[in-house]
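Remarks on the overall topology
Next come the chains, spelled out residue by residue.
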Amino acid sequence: MHIGFIGLGQMGIAMAQNLLKSEHSLAIYNRTRDKAEPLIKAGATWASSPAEAAYEADAVFTMVSDDAALQEVTMGELGLLNGLSEGAVHLSCSTISPDTARQLAQEHQHRNSRYVACPVFGKPEVAQAAKLWVCVSGETAAKDDVRPLLDLIGQGIYDFGEDPGAANVVKLSGNFLLGCAIEAMAEAFTLGEKNNISRTSLYEFFSTTLFASPVYRNYGKLIADEVYQPVGAPPALIRKDMRLLLDEAEKALVPMPFANIVFQQLTATVAKGKNNIDWAGFAGQVSENAGLKK
């Protein structure tokens, strides 16, 4: 197959590298070319626009920051819809609102191309190892056609039906659950610290007993050590996701008070200019409010 890939941030470049390791050809586009150089040296073809990346492609991946960026690279003057062939599939891996996914699916239908929502869970190092968890929704035939490509980037693909927005509801819900876990660990570790119990000992106990799961092991270590490096996703990016979640909850009449807590913690983190840390760094607000910050 001939594949296009648009958006070469930390996640995008790792996913594109795994696609490039296969027998498929790859055309890539990013707003800045310098991020694409390692892929070009490895055999990818540089495209000067999203439309060019989509030209004659069987499938095009997009991994961009937000709804506006995705709409621009899809429907803009040089957007991928202007290059995508009839029957080709757009695989949208970005974390966006479910309504934007549905709108884009309709636009593709009007152009006789196809849209599959496939947001992913996992940090950049997980993407590098091709161990992402992939959520998909959209037209069944399109999902079947691109399944071999998704197997190249993920360790598991989960299908949430034909509604193009469904996979994005799952993605927003997942980020909400991660945020709640981060807040809960921050509060528990801080309470322990104020009672002369080391954060590390609490982390080691809980992450190997009651909460022996990847979330508590991985994010828990960042929170216990209060070292929020390397940056998987910055606070501003996940704050956007929490805003989308709250918008969706409001439309569906679902009270989500915990989501508001996570959103406000991220807002405070961004307001203080703390953007060069992993988003779990919002846990620092808990320590600060408890008078523990130096």
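Treat the numbers as computed from the prediction; the structure is a model and nothing was measured.

1. Things to note about the packing of helix H11 (residues 235-252) against helix H12 (residues 257-271)
Where H11 meets H12, the closest approach of the two axes is 9 Å, and the angle between their N-to-C directions is 150°. As summarised for this structure, H11 and H12 are arranged roughly antiparallel, according to the angle between their axes. The interaxial crossing formed by H11 with H12 has left-handed handedness. Residues Pro-235, Ala-236, Ile-238, Arg-239, Met-242, Arg-243, Leu-245 and Leu-246 of H11 pack against Ala-259, Asn-260, Val-262, Phe-263, Leu-266, Thr-267, Thr-269 and Val-270 of H12. Considering only residue class, the contact of H11 with H12 consists of 11 nonpolar, three polar and two charged.

2. Considerations on the packing of aromatic side chains
Two aromatic rings are characterised by how far apart their centres lie and by the angle between their planes. One pass over the full model with this rule turns up eight aromatic pairs. Taken together, the aromatic side chains of Phe-205, Phe-206, Phe-211 and Tyr-216 make up a single cluster linked through ring pairs. The aromatic ring of Phe-121 is capped on one face by Lys-171, whose charged end is 4.3 Å from the ring centroid.

3. A word on the side chain of Ser-113
Here Ser-113 is to be found in the loop between helix H5 (98-110) and strand S6 (114-117). For Ser-113, a relative accessible area of 7% translates into the label buried. At 2.9 Å, the side chain of Ser-113 forms a polar contact with the side chain of His-108. Once residues within four sequence positions are removed from consideration, Ser-113 is found in contact with Leu-81, Leu-84, Ser-85, Gly-87, Ala-88 and His-108.

4. Comments concerning helix H8 (residues 166-194)
The end-to-end C-alpha distance of H8 is 42 Å, a good match for the 42 Å that 29 residues give at a rise of 1.5 Å each. Positive phi shows up at Asn-196, right after H8, with a value of about 65°.

5. Considering the pattern of salt bridges
As enumerated under the stated definition, the model contains 17 salt bridges in all. The residue Asp-241 makes a salt bridge to Lys-240 at a minimum N-O spacing of 2.7 Å. Accessibility assignment for this pair places Asp-241 and Lys-240 in one class, buried. For Arg-243, the salt bridge is made with Asp-247, and the minimal N-O distance between the two is 3.3 Å. Taken as a pair, Arg-243 and Asp-247 lie in helix H11 at a separation of four residues, close to a single helical turn. For Asp-247, a relative accessible area of 33% puts it in the partly exposed group. Put simply, Asp-99, Arg-102, Asp-163, Glu-248 and Lys-251 are held in one network by salt bridges that share partners.

Reading the values: the criteria
- Residues numbered from 1 in each chain as written.
- Predicted model: local features only at pLDDT ≥ 70, side-chain atom pairs only at ≥ 80, totals over all residues.
- Heavy atoms only, no water.
- Axes fitted to C-alpha atoms, helices over the stretch in contact; angles between N-to-C directions.
- Helix = DSSP H or I, 4+ residues; strand = E, 2+ residues; numbered from the N terminus.
- Parallel < 35°, antiparallel > 145°, perpendicular 65-115°, else oblique.
- Left-handed = near helix turned anticlockwise from the far one by under 90°.
- Contact = heavy atoms within 4.5 Å.
- Nonpolar A, V, L, I, M, F, W, Y, C, P; charged D, E, K, R; others polar.
- Phe/Tyr/Trp six-rings, centres within 6.5 Å; stacked < 30°, edge-to-face > 60°.
- Lys NZ or Arg CZ within 6 Å of the ring centre and 35° of its normal.
- Buried < 20%, exposed > 50% of the residue type's maximum accessible area, 1.4 Å probe, protein only.
- Polar contact = N/O pair within 3.5 Å; in protein donor to acceptor, adjacent residues only side chain to side chain.
- Expected span 1.5 Å × (residues − 1).
- Salt bridge = Lys/Arg side-chain N within 4 Å of Asp/Glu carboxyl O.

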